[in-house]
Amino acid sequence: MYTMLNNQESSKYDLYLPGKLVAALHYKLEAEESEIMLIYCEAIETEEAALHCTELMRLALDDVKSRRLKLTITCPIALKFMELGKTCHSTPEVPSHMIRDDQAQSAGQSQLNVPR
């Protein structure tokens, strides 16, 4: 069973399986602007790396949504996750209320706005 912790001191979400860190998603938070940028995802445990990163993205996006943050993505793994909508059978579809900013996408980023 996965557990995600928001490691605010290191500006990353850490994903754990019992007893070990398996993946991390680094971010930059602009608290004054209520904006978070997902920078890069890394699989620490390479066995089942795609599954770990998929679960980490799902949990991180749930956190971003619950905190009503504006989201910008530069991480290639996160961009692929958002483009596909899901990468495995247990991952939910991308919420329809998130709107892609075409200007950010053309700059190699994806910006999703969650209504406040």
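The protein is annotated in an unreviewed UniProt entry as N-acetyltransferase domain-containing protein of Brevibacterium aurantiacum.

> Any chance you could explain helix 1 (residues 49-66) here in plain terms?
In an α-helix, one full turn covers 3.6 residues, which means residues spaced three or four apart are oriented alike. A rise of 1.5 Å per residue sets the reference length of helix 1, with its 18 residues, at 26 Å; its end C-alpha atoms lie 26 Å apart and thus fit the reference within 8%. In this fold, the buried residues of helix 1 make contact with strand 1 (3-7), strand 2 (12-17), strand 3 (20-30), strand 4 (35-43), strand 5 (70-73) and helix 2 (76-84). A positive phi of about 55° marks Arg68, the residue just after helix 1.

> Whenever I open this one, unusual backbone geometry confuses me. Can you help?
What is expected of a backbone is that most residues other than glycine have negative phi and most peptide bonds are trans. Phi is positive for Ser11, which is not a glycine, with a value near 55°. Phi is positive for Arg68, close to 55°, though the residue is something other than glycine. Take Arg68: it is sitting in the loop between helix 1 and strand 5. We classify Arg68 as partly exposed; its relative accessible area is 44%.

> Whenever I open this one, the nonpolar core confuses me. Can you help?
It is characteristic of soluble globular proteins that their nonpolar side chains tend to be buried jointly. Counting 24 residues, the largest nonpolar core has Tyr13, Leu25, Ile36 and Leu38 as the members making the most contacts within it. If you list the elements that add at least two residues to this core, you get strand 2, strand 3, strand 4, helix 1, strand 5 and helix 2. Ranked by the residues each element gives to this core, the list is headed by helix 1, at seven residues.

> What is the right way to read the packing of aromatic side chains from this model?
The relation between two aromatic rings is expressed through the spacing of the ring centres and the mutual angle of the planes. Going through the model one piece at a time under the given rule, you end up with one aromatic pair. Taking 5.1 Å as the distance between ring centres and 45° as the angle between the ring planes, the aromatic pair formed by Tyr13 and Tyr27 counts as tilted. With Tyr13 in strand 2 and Tyr27 in strand 3, this pair connects stretches of sequence that are 14 residues apart. Comparing Tyr13 with Tyr27 shows no difference in burial state: the two are buried.

> It is not clear to me how the pairing of strand 3 should be interpreted in this structure. Could you clarify?
Looking along a regular strand, one sees the side chains alternate between the two faces of the sheet. As defined by bridge partners, strand 2 adjoins strand 3 across six bridges and the pair is classed as antiparallel. By the bridge assignment for strand 3, Tyr13 is matched with Leu25. Counted between consecutive antiparallel strands, the loop separating strand 2 from strand 3 contains two residues, among which Gly19 sits at a positive phi close to 90°. Two elements, strand 3 and strand 4, share eight bridges in a ladder whose sense is antiparallel. Across the sheet, Leu29 pairs through a bridge with Ile36, a residue of strand 4.

Definitions and cut-offs
Residues numbered from 1 in each chain as written. Predicted model: local features only at pLDDT ≥ 70, side-chain atom pairs only at ≥ 80, totals over all residues. Heavy atoms only, no water. Helix = DSSP H or I, 4+ residues; strand = E, 2+ residues; numbered from the N terminus. Expected span 1.5 Å × (residues − 1). Contact = heavy atoms within 4.5 Å. Buried < 20%, exposed > 50% of the residue type's maximum accessible area, 1.4 Å probe, protein only. Core = buried A, V, L, I, M, F, W, Y, C linked by side-chain atoms within 4.5 Å. Phe/Tyr/Trp six-rings, centres within 6.5 Å; stacked < 30°, edge-to-face > 60°. Pairing = 2+ DSSP bridges.

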